Amino acid sequence: MRQDAVYARGVTDLMAYGHLGRSGLLVSRVGLGTMNFGYTVDEPSSFAVMDAAFEAGVNFFDTADVYGGAQSPDMKKGYGISEQVVGRWLQRRGRRDEIVLATKVYQPMGLGPNDRRLSAYHIRRACEASLRRLATDHIDLYQMHHVDRATPWEEIWQAMEQLLRDGKITYVGSSNFAGWDVALAQSAAAARQFMGLVSEQSLYNLAVRSVEQELIPALRHLGVGLIPYSPLHAGLLAGALQAATEGHIFEATMLQRIDAHRDQLDAYERLCREVGAKPAEVAIAWQVHNPTVSAAIIGAMTIEELQVDLGALSVQLDAEIMERLDQIWPGPGEAPQSYAW
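Presented here is an overview of the structure given in this document. (Residues numbered from 1 in each chain as written. Predicted model: local features only at pLDDT ≥ 70, side-chain atom pairs only at ≥ 80, totals over all residues. Heavy atoms only, no water.)

1. Overview of the overall build of the protein chain
Right, on to step 1. Counting secondary structure elements, the protein chain contains 13 helices and eleven strands.
Right, on to step 2. Relative to its length of 341 residues, the protein chain is compact, with a C-alpha radius of gyration of 20 Å against a globular reference of 20 Å.
Right, on to step 3. For the C-alpha atoms alone, the extent of the protein chain along its principal axes is close to 55 × 55 × 40 Å.
Right, on to step 4. Of the contacts made within the protein chain by residues no fewer than 6 positions apart, 74% connect residues no fewer than 24 positions apart.
Right, on to step 5. For the protein chain, the distance from the average position of its 30 positive side-chain charges to the average position of its 41 negative side-chain charges is 6 Å. (Helix = DSSP H or I, 4+ residues; strand = E, 2+ residues; numbered from the N terminus. Rg over C-alpha atoms; globule rule 2.2 N^0.38 Å. Contact = heavy atoms within 4.5 Å. Lys, Arg positive; Asp, Glu negative; His and termini not counted. Charge placed at Lys NZ, Arg CZ, Asp CG, Glu CD.)

Quick look at the structure:
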């Protein structure tokens with residue numbers, strides 16, 4: 001989030017590190033998302049991607065208790081599989097102290113009425129279960145996967161403070177919060193003389209910029225770092241139009257998405273060719289150019305995808321290119337100017 005950056009030589013390239021929000025913790029500007037590990041990516045392939053990411057200097061690994069199968073808002077029960085895969089990798093590679101490990105709590109992990117959301121009861125039990133699956137004694141960044149407006153912040157912060165005192169977590173983050181949720185959380189934390197949130201993980205990419213209206217200004221003001229997920233908008237920003245033109249086989253839903261954005265994608269991919277970079281590289285470079293962004297989460301499922309994503313760190317976007325990207329993929333502007341006049 002801060003403008004100052006630290007660079008270190010990885011095996012394959014020069015990795016950049018920045019502070020996680022206002023904290024003193026340094027994380028790689030590109031973090032590895034593991035949602036598909038143990039689901040669409042088998043364990044040996046997951047290990048290979050994590051190996052390659054670590055060797056390239058990625059030190060921020062993100063998972064969630066619910067990952068490891070199909071994700072939906074109305075899912076009955078989570079899987080815990082991705083955490084297990086990450087945990088076995090950490091055990092076998094012996095890299096635990098070199099990784100900033102992040103996971104999440106909120107989604108249903110059982111069928112009981114208290115096996116979900118953010119009650120102190122569930123937070124404690126979910127954290128202990130994640131620690132077992134991850135085969136570790138602490139979680140570096142424990143993130144609330146969604147806001148729970150039915151549970152008071154006093155209860156949530158009391159539970160998080162206890163986990164911190166017990167050494168089970170180090171920092172607290174949020175995910176999928178609105179700007180006013182972040183503000184309320186920080187107000188309640190400040191009243192308890194607690195640090196509160198250091199990061200917020202949200203859907204954010206060139207094609208989906210709604211968080212710029214109110215969430216990003218709130219994060220900037222409060223010193224909370226943004227961790228964007230889906231930087232390639234489920235592959236749409238990774239050269240989908242050219243791939244479709246060249247005969248790549250896509251599912252019908254992807255073809256519909258390409259058709260809906262055909263003019264924008266044509267202009268975007270032409271600009272990327274002009275810049276001399278792959279569309280995926282430009283999309284991620286655009287994210288990390290934003291000073292509020294601490295780390296962009298990439299969901300690479302192969303080493304080849306990982307190498308393309310990491311190539312974003314060597315892409316320089318000047319003011320003219322940034323302006324042209326804004327013209328192709330316009331944002332909503334910041335509130336209240338965006339809707340007041």
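2. Considerations on the nonpolar core
Right, on to step 1. Counting residues in hydrophobic clusters, the biggest one holds 88 residues, and the most contacted among them are Tyr142, Met144, Trp157, Met160 and Tyr268.
Right, on to step 2. Among the elements that line this core, the one with the most residues is helix H10 (residues 279-288), at seven residues.
Right, on to step 3. Ignoring anything within four residues of it in the chain, the contact list for tryptophan 157 reads Met144, Val172, Ala185, Gln186, Ala188, Ala189, Arg192, Phe194, Gly196 and Leu197.
Right, on to step 4. Judged by nonpolar contacts, the second largest core, of twelve residues, contains Leu25, Phe60, Val100 and Tyr171. (Core = buried A, V, L, I, M, F, W, Y, C linked by side-chain atoms within 4.5 Å. Buried < 20%, exposed > 50% of the residue type's maximum accessible area, 1.4 Å probe, protein only.)

3. Remarks on the packing of helix H9 (residues 262-275) against H10
Right, on to step 1. Between H9 and H10, the least distance of the axes is 9 Å, while the angle of their chain directions is 90 degrees. With respect to each other, H9 and H10 are oriented roughly perpendicular. When H9 is examined against H10, the residues Tyr268, Glu269 and Cys272 are found in contact with a partner set consisting of Pro279, Val282 and Ala283.
Right, on to step 2. Grouping the amino acids of the contact of H9 with H10 by side-chain chemistry returns five nonpolar, no polar and one charged. (Axes fitted to C-alpha atoms, helices over the stretch in contact; angles between N-to-C directions. Parallel < 35°, antiparallel > 145°, perpendicular 65-115°, else oblique. Nonpolar A, V, L, I, M, F, W, Y, C, P; charged D, E, K, R; others polar.)

4. Quick look at the pattern of salt bridges
Right, on to step 1. In this structure the tally under the stated criterion is 17 salt bridges.
Right, on to step 2. Measuring nitrogen to oxygen at the nearest pair gives 3.1 Å for the salt bridge that ties aspartate 140 to arginine 96. Within this pair, whereas aspartate 140 is found in strand E7 (residues 139-144), its partner arginine 96 is found in the loop between helix H2 (81-93) and strand E6 (100-105), the two being separated by 44 residues in sequence.
Right, on to step 3. Given a relative accessible area of 11%, aspartate 140 falls into the buried group. (Salt bridge = Lys/Arg side-chain N within 4 Å of Asp/Glu carboxyl O.)

5. Digging into unusual backbone geometry
What you tend to see is this: most non-glycine residues have negative phi, and most peptide bonds are trans.
Right, on to step 1. Proline 336 follows alanine 335 through a cis peptide bond whose omega is 0 degrees.
Right, on to step 2. Looking at where proline 336 falls in the secondary structure, it is placed in the loop between helix H12 (319-328) and helix H13 (337-340).
Right, on to step 3. One non-glycine residue, serine 230, lies in the positive phi region at around 60 degrees.
Right, on to step 4. The topology assignment puts serine 230 in the loop between strand E10 (225-229) and helix H7 (240-245).
Right, on to step 5. In this structure, histidine 233 is a non-glycine residue whose phi angle is positive, near 50 degrees.
Right, on to step 6. Following the sequence through the fold, histidine 233 ends up in the loop between E10 and H7.
Right, on to step 7. A residue is classified by how much of its surface remains accessible, and histidine 233, at 18% relative accessible area, is buried.

6. Some thoughts on the sheet that holds strand E4 (residues 30-33)
Right, on to step 1. Strand order in the open sheet made by the eight strands is E10-E9-E8-E7-E6-E5-E4-E11, with parallel pairing throughout. Each of the sheet's edge strands pairs with one partner strand only, and the pair in question is E10 and strand E11 (296-298). In this sheet, adjacent strand axes meet at a mean angle of 30 degrees when their direction is disregarded.
Right, on to step 2. Two elements, E7 and strand E8 (residues 169-175), share five bridges in a ladder whose sense is parallel. Counterpart to methionine 144 in the pairing with E8 is serine 174. (Pairing = 2+ DSSP bridges.)

7. Describing the side chain of serine 174
Right, on to step 1. In this structure, serine 174 sits in strand E8.
Right, on to step 2. For serine 174, a relative accessible area of 0% corresponds to the buried category.
Right, on to step 3. Setting aside its immediate chain neighbours within four residues, serine 174 contacts Gln143, Met144, Val182, Leu197, Ser199, Glu200 and Gln201.

8. So, the side chain of glutamate 200
Right, on to step 1. As for its position among the elements, glutamate 200 is in strand E9 (residues 197-203).
Right, on to step 2. Polar side-chain contacts of glutamate 200 include one of 2.5 Å to the side chain of serine 174. (Polar contact = N/O pair within 3.5 Å; in protein donor to acceptor, adjacent residues only side chain to side chain.)

9. Quick notes on the packing of aromatic side chains
Right, on to step 1. As enumerated under the stated definition, the model contains seven aromatic pairs in all.
Right, on to step 2. Look at phenylalanine 54 and tryptophan 89: their rings are 6.4 Å apart centre to centre, the planes differ by 65 degrees, and that puts the pair in the edge-to-face class. One end of the pair, phenylalanine 54, is in helix H1 (residues 43-55); the other, tryptophan 89, is in helix H2, and 35 residues separate them in sequence. Both residues of the pair, phenylalanine 54 and tryptophan 89, belong to the buried class.
Right, on to step 3. Aromatic pair tyrosine 204 and tryptophan 286: ring centres 5.2 Å apart, planes at 50 degrees, arrangement tilted. Here tyrosine 204 is found in the loop between E9 and helix H6 (215-222), whereas its partner tryptophan 286 is found in helix H10, with 82 residues between them in sequence.
Right, on to step 4. According to the relative accessible area criterion, tryptophan 286 is buried, its value standing at 4%.
Right, on to step 5. Taken together, the ring pairs connect Trp153, Trp157, Phe177 and Phe194 into an aromatic cluster. (Phe/Tyr/Trp six-rings, centres within 6.5 Å; stacked < 30°, edge-to-face > 60°.)

10. Thoughts on H1
Right, on to step 1. Compared with the 18 Å implied by 1.5 Å per residue over 13 residues, the 18 Å span of H1 between its first and last C-alpha is a close match.
Right, on to step 2. Residues of H1 that are buried include every one of Ser46, Phe47, Val49, Met50, Ala53 and Phe54, and no others. For H1, the angular spread of the buried residues around the axis is 165 degrees, confining them to a single face.
Right, on to step 3. A positive backbone phi angle near 105 degrees is found at glycine 57, which sits one or two residues after H1. (Expected span 1.5 Å × (residues − 1). Arc of directions from axis to C-beta.)

Scope: geometric values only; no functional claims are made or implied.
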